[in-house]
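Understanding the architecture of this molecule
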Amino acid sequence: MPLPQQQTGQHPLHPEFHAIAERVNNWGRWGEADELGALNLITDEVVRAAAATVRTGRRVPLALPLQQDGVQTGMIPGRVNPLHTMTQINDEAFGPGALAVSDDVVTMGLQAATHWDALPHVSHSGRIYNGRSADTVTARAGARFSGIGTIPYLVSRGVLLDVARAKGLDRLAPDYAVTPEDLDEAAEFGRVAVAPGDVVLVRTGQIGRYLGGDRHGYGFPSPGLSVRTPEWFHARDVAAVANDTLTFEIIPPEIDGLWLPVHALHLVEMGMLQGQNWNLETLSAVCAQEERYSFLLCAMPEPFTGATGTPVAPVAVF
């Protein structure tokens, strides 16, 4: 996915992008000092209602394993899969015959596998969420505003919109752009109404390629969400959204030369967290078995100060 080369000599935005941005913009909605964006929609009442959906206690993990042969193939520069190194192995640090210690370290891209993108992960026109300057992201401090470490918790009702299953497919075609009409169809299929404060998970089935051993085919080309979908999420006051692809939106882009517009609309304009590489395959099967497509979702960000993203190990609870 050679983004810089594709953008050379072109303005990366488009009149249609600016029109949508104006309609979904949330700057100032929760005050000029706000750094949480749409997560403000997850109120105490929303969490109580989400907790009340738990009936059996059945739990479904949604994270990929953190491993060296993970989803990153070099297509996105700097996003390295976890490099795991042992620093101590059964070290009798307190003397012979005493307790022995094994310890280890990891080097990895924070968006290497299942993750949340923080609001300053992308910028456009020199701005990040709430109108702040993109220059507030620096080499020394990272993201000074709205970094992932500003989020203390993320628990809400999760809703699976299983677009692939609603169409009777294992996975969508690599060139398929998920539309608002597809989201409506999936909601009707799951007999669920998306409500304010919900975290929506959109299944395309694409991660099945990675799970089946096709690491390169998983990343590119890829189905994903259309530039038309941010207005759908905005109208329903969705708090955050994640899916089962490497890039979230359709790649190559549906509008020639307009790369990652859904990222910019979600993160910059709406202040809405976005997640990628979520494993929704078991969740799809469980939702079908349980005949319900909503659940308690626990998806706590790791609190890396100044970071523009974080690994996450989400769990759906039925």
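Structure: above.
Report on the accompanying structure. Since the structure is predicted, the reported quantities are computational estimates derived from the model, not experimental observations.

Along its length, the protein carries 10 helices and 15 strands. Its C-alpha radius of gyration of 20 Å places the protein within 12% of the 20 Å reference for a compact globule of 318 residues. Oriented by its inertia axes, the alpha-carbon framework of the protein measures out at about 70 × 50 × 40 Å. Buried residues in the protein amount to 52% of all 318 residues. The long-range share in the protein, meaning contacts at least 24 apart out of those at least 6 apart in sequence, stands at 78%. A total of about 14000 Å² of accessible surface is found on the protein, and carbon and sulfur atoms cover 52% of it. One way to put it: in the protein the 22 positive side-chain charges average out to a point 3 Å from where the 35 negative ones average out.

Attention shifts here to the packing of aromatic side chains. Here the structure, examined in full by the defined rule, presents 5 aromatic pairs. Ring centres of phenylalanine 189 and tyrosine 293 lie 5.9 Å apart, and the angle between their planes is 70°; this geometry places the pair in the edge-to-face category. Residue phenylalanine 189 is found in helix 5 (residues 180-189), and its partner tyrosine 293 is found in the loop between helix 10 (281-290) and strand 13 (294-298); the two are separated by 104 residues along the sequence. Classification of phenylalanine 189 as partly exposed rests on a relative accessible area of 33%. Taking the relative accessible area as the measure of exposure, tyrosine 293 reaches 6% and is therefore buried.

Quick look at unusual backbone geometry now. With an omega of -5°, the peptide bond running from phenylalanine 220 to proline 221 counts as cis. Here proline 221 is to be found in the loop between helix 7 (215-219) and strand 10 (224-225). For the peptide bond that leads from isoleucine 251 to proline 252, omega is 0°, which places it in the cis range. As for its position among the elements, proline 252 is in the loop between strand 11 (240-243) and helix 9 (261-270). With a phi angle near 60°, serine 146 is a residue other than glycine that sits in the positive phi range. Relative to the elements of secondary structure, serine 146 occurs in the loop between strand 6 (142-143) and strand 7 (155-162). Positive phi values are uncommon outside glycine, yet aspartate 237 reaches one of about 55°.

Let us now look at the environment of tryptophan 278. Within the secondary structure layout, tryptophan 278 lies in the loop between strand 12 (273-276) and helix 10. For the pair tryptophan 278 and arginine 29, spaced 249 residues apart in sequence, the C-alpha to C-alpha distance is 29 Å. Looking at tryptophan 278, its side chain comes within polar contact range of the main-chain oxygen of histidine 115, at 3.2 Å.

On to the pattern of salt bridges, then. A complete count under the given rule lists 12 salt bridges for this structure. Of the charged contacts, one joins arginine 157 and aspartate 198 as a salt bridge, the two residues approaching to 2.7 Å between their closest N and O atoms. Taken together, the residues arginine 157 in strand 7 and aspartate 198 in the loop between helix 5 and strand 9 (199-203) connect sequence positions 41 residues apart. Each member of the pair, arginine 157 as well as aspartate 198, carries the same accessibility label: buried.

Following the sequence through the fold, asparagine 130 ends up in the loop between strand 4 (115-117) and strand 5 (137-138). Side-chain polar atoms of asparagine 130 contact the backbone oxygen of glutamate 32, separated by 3.3 Å. In this structure asparagine 130 touches Trp27, Gly28, Gly31, Glu32, Ala33, Asp34 and Val268, once residues within four positions along its chain are discounted.

What follows covers helix 10. Buried within helix 10 are the following residues: Leu283, Ser284, Val286 and Cys287. Among the structural elements, strand 1 (59-61), strand 7, helix 4 (163-166), strand 9, strand 13 and strand 15 (315-317) are those in contact with the buried residues of helix 10. After helix 10 finishes, the residue glutamate 291 shows a positive phi value of roughly 55°.

Rules used in this analysis
- Residues numbered from 1 in each chain as written.
- Predicted model: local features only at pLDDT ≥ 70, side-chain atom pairs only at ≥ 80, totals over all residues.
- Heavy atoms only, no water.
- Helix = DSSP H or I, 4+ residues; strand = E, 2+ residues; numbered from the N terminus.
- Rg over C-alpha atoms; globule rule 2.2 N^0.38 Å.
- Buried < 20%, exposed > 50% of the residue type's maximum accessible area, 1.4 Å probe, protein only.
- Contact = heavy atoms within 4.5 Å.
- Areas by Shrake-Rupley, 256 points an atom, 1.4 Å probe, with all protein chains shown as cover.
- Lys, Arg positive; Asp, Glu negative; His and termini not counted.
- Charge placed at Lys NZ, Arg CZ, Asp CG, Glu CD.
- Phe/Tyr/Trp six-rings, centres within 6.5 Å; stacked < 30°, edge-to-face > 60°.
- Polar contact = N/O pair within 3.5 Å; in protein donor to acceptor, adjacent residues only side chain to side chain.
- Salt bridge = Lys/Arg side-chain N within 4 Å of Asp/Glu carboxyl O.

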